Amino acid sequence: MPDTAESDWSKQLADIRRQGLWRELLPLQPDPVADHPKFIDSEGRALLSFASNDYLGLSRDPALQRAAIAEMEKSGLGAAAAPLLGGERPVHQALAADLAAWLGAEAVLLFGSGYLANLGVISALVGRHDRVYADRLNHASLVDGVRLSGARLQRYRHGDMAHLQQLLARGGSGRIWIISDGVFSMDGDLAPLPEMVALARQYQASIILDEAHALGVLGDQGRGTLAHYRLGNADVAVIMGTLGKAFGVYGAFVAGSQDLIDLLRNRARSFIYHTAFPAALAAAARVSLQKLQAGEARRTRLHAHRLCLRTQLPDAPWLPSETPIQGLVLGDTARAVKVSGQLREAGLYCPAVRPPTVPQGSARLRVTLSAAHRHEDLQALLTALREIL
Ligand SMILES: Cc1ncc(COP(=O)(O)O)c(C=O)c1O
């Protein structure tokens, strides 16, 4: 009997377990009466979460929920069609216009998720003979987008603009792209955007910037890494944002010139061939955007939480980060899993992040903060970490 693909699966699963890389889903129900990130697990235990990307605490905001329900009553639940085949609702257009005005972009195109947006943008814009330079710690969706484009990917050391310059200087043919997270999802640090923009000018490269973790968190009105550095939209070719993190909703968008958006609407396969995301979510995202723009108090609180964590536990192996993503590098996968388990016993949810999500030897706790955390939530985490570490 020839070996089938299926006959290999149990061996692969055994390998995953042996390497300590087994992944499991853990359903967590938000506590209906709590106004901070408190969840109940399937055994009825309360867990305080330091794991979500709900940076501004908007995911449970009643105003967003009311907007979603009102829209659902008008539009129904699922869009039940691709955006180009009848799935687009007026509220999608209104959201795109709001997002464009907020970022000062000519136009915006909505996508089903950030993952789909990155796949669609890169595979639509980048030709197989182009040269692509990408930070070694870029999000998987950016890496996969380049794979789909068929172009050769040259990865520079994380945040290392001297290395990027060396690679650019080697030359080659085709158009040149630099692709980067604005805020890195696992380390929480910022891309050195001013230097990157200068290199892009020097080498006539176009920048694709993934602002998934920056929008809502950094810069005036939460406009992200570009605003943080006081750069302009014209300094990059493409801005990608997700509605699933600081917005507290779901979905994603790309912002840029009218030509860019027209091209993506006609070429991006993950846009053309996907079902539009529910109109109710677009309505919620419009309300979320208003709160996010006016969210200075929430951003200040987030900043204070970060300082509190780092100043009260100064000797812990924190990665450098100015954002609510705070990495505690524990090195060994088994150690990271053990510490995460000990935190869970103390009623704190902070999962271990292991290879291949992060490089070998840098397994860690990825602590994420939210403006919805209370001072005593941080104290609970600090007390537990002091005991465990
Ligand atoms: C940097 C980055 N880009 C893109 C994505 C994908 O976004 P979404 O969750 O909306 O698919 C994520 C989130 O997982 C991310 O961290």
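Residues numbered from 1 in each chain as written. Predicted model: local features only at pLDDT ≥ 70, side-chain atom pairs only at ≥ 80, totals over all residues. Heavy atoms only, no water.

What exactly am I supposed to notice about the pairing of strand β4 (residues 107-111) here?
In the case of a regular strand, side chains alternate between the two sheet surfaces. Within β4, five of the five residues are buried, leaving the element largely enclosed by the surrounding structure. Taken together, the five bridges between β4 and strand β10 (residues 252-256) define a ladder with antiparallel strand orientation. If you follow F111 over to β10, its bridge partner there is A252. (Buried < 20%, exposed > 50% of the residue type's maximum accessible area, 1.4 Å probe, protein only. Helix = DSSP H or I, 4+ residues; strand = E, 2+ residues; numbered from the N terminus. Pairing = 2+ DSSP bridges.)

Please clarify how the pattern of salt bridges should be interpreted in this entry.
Oppositely charged side chains can form a pair if their charged atoms are brought close together. Evaluated as defined, the whole model comprises 19 salt bridges. The salt bridge partner of E71 is K74, with a shortest N-O separation of 3.7 Å. In this pair, E71 and K74 are both assigned in helix α2 (residues 62-75), three residues apart and thus about one turn of the helix distant. Via salt bridges that share partners, K11, D15 and R18 belong to a single interconnected network. (Salt bridge = Lys/Arg side-chain N within 4 Å of Asp/Glu carboxyl O.)

Would you mind showing me how to read the packing of aromatic side chains here?
According to the stated counting rule, one finds three aromatic pairs in the structure shown. When the ring of W102 is compared with that of F247, the centres are 5.8 Å apart and the planes differ by 80°; the resulting orientation is edge-to-face. Taken together, the residues span a long stretch of sequence, with W102 in helix α3 (residues 90-103) and F247 in the loop between β9 (238-242) and β10 at a distance of 145 residues. Here W102 and F247 have matching classes, each one buried. Judged by centre distance (5.7 Å) and plane angle (65°), the ring pair of F111 and F271 falls under edge-to-face. One end of the pair, F111, is in strand β4; the other, F271, is in helix α10 (residues 269-272), with 160 residues separating them in the sequence. For the pair F111 and F271, a shared accessibility class is recorded, and that class is buried. Linked through ring pairs, W102, F247 and F253 together constitute an aromatic cluster. (Phe/Tyr/Trp six-rings, centres within 6.5 Å; stacked < 30°, edge-to-face > 60°.)

I tried to follow the sheet that holds strand β13 (residues 352-353) on my own but got confused; where do I start?
Strand pairing in a sheet relies on backbone hydrogen bonds, with the paired strands running either antiparallel or parallel. Pairing is antiparallel in the open sheet, where three strands are placed in the order β11-β14-β13. Of all the strands in the sheet, just β11 (325-331) and β13 have a single pairing partner and so form its edges. Here β11 runs beside strand β14 (residues 363-368); their pairing, made up of six bridges, is antiparallel. Note that in β14 the partner of G331 across the bridge is A363.

Honestly, the site of the ligand in this entry has me stumped. Any pointers?
In the vicinity of the ligand there are 14 residues, among which G114, D210, H213, T242 and K245 approach most closely. Separating a nitrogen atom of the ligand from a side-chain N or O atom of D210 is a distance of 2.5 Å. K245 is positioned such that a nitrogen or oxygen atom in its side chain is 3.0 Å from an oxygen atom of the ligand. For the ligand, whose unbound accessible area comes to 390 Å², protein coverage reaches 83%. (Near = heavy atom within 4 Å. Polar contact = N/O pair within 3.5 Å; in protein donor to acceptor, adjacent residues only side chain to side chain. Areas by Shrake-Rupley, 256 points an atom, 1.4 Å probe, with all protein chains shown as cover.)

Explanation requested: the side chain of S362 in the structure shown.
You can see S362 is positioned in the loop between β13 and β14. Among residues more than four places away in sequence, those in contact with S362 are V329 and G331. (Contact = heavy atoms within 4.5 Å.)

Could you clarify how one ought to interpret the domain arrangement of the protein in this entry?
Interface size is commonly expressed as the accessible area that is lost once the parts come together. Entries for the protein in the domain assignment read domain 1 (30-56 + 296-388) and domain 2 (62-293). A straight line from the C-alpha centre of domain 1 to that of domain 2 covers 26 Å. Taken together, the contact pairs 20 residues of domain 1 with 24 residues of domain 2. Here domain 1 packs against domain 2, burying approximately 1600 Å² in sum over the two surfaces, 56% of which is carbon and sulfur. For the pair domain 1 and domain 2, the interface holds eleven residue pairs in polar contact (both at pLDDT 80 or more). Contributions of two or more residues to the side of domain 1 that touches domain 2 are made by α12 (296-312) and β14. Tallying contributions element by element places α12 first for the side of domain 1 that touches domain 2, with three residues. Residue composition of the side of domain 1 that touches domain 2, grouped by class: nine nonpolar, four polar and seven charged. (Domains from an automatic or database assignment. Buried area = accessible area lost by both parts, 1.4 Å probe. Nonpolar A, V, L, I, M, F, W, Y, C, P; charged D, E, K, R; others polar.)

Hey, could you run me through the environment of G295 in this one?
Along the chain, the position of G295 falls in the loop between α11 (279-293) and α12. What makes G295 buried here is its relative accessible area of 3%. Sequence separation between G295 and G216 is 79 residues, and the spatial gap between their C-alpha atoms is 7.9 Å.

Sorry if this is basic, but what is going on with helix α9 (residues 258-267) here?
Residues spaced three or four apart along an α-helix point in a common direction, a consequence of the helix completing one turn every 3.6 residues. Considered for burial, the residues of α9 that qualify are L260, I261 and L264. Seen end-on, α9 carries its buried residues on one side only, within an arc spanning 95°. Turned more than 90 degrees away from the buried face of α9 sit D259, N266 and R267, all of them exposed. Of the surrounding elements, those touching the buried residues of α9 are β4, α4 (114-125), β9, β10 and α10. (Arc of directions from axis to C-beta.)

Hey, could you run me through unusual backbone geometry in this one?
As a rule of thumb, non-glycine residues mostly have phi less than zero, and peptide bonds are mostly trans rather than cis. Residue P355 is joined to P356 through a cis peptide bond whose omega torsion reads 5°. A positive phi angle, near 50°, is found at Q204, a position not held by glycine. Positionally, Q204 belongs in the loop between α7 (193-203) and β8 (205-210). At Q221, a residue that is not glycine, the phi angle is positive and equals roughly 55°. Structurally, the position occupied by Q221 is in the loop between β8 and α8 (225-228). Of the residues examined, Q221 reaches a relative accessible area of 25% and is grouped as partly exposed.

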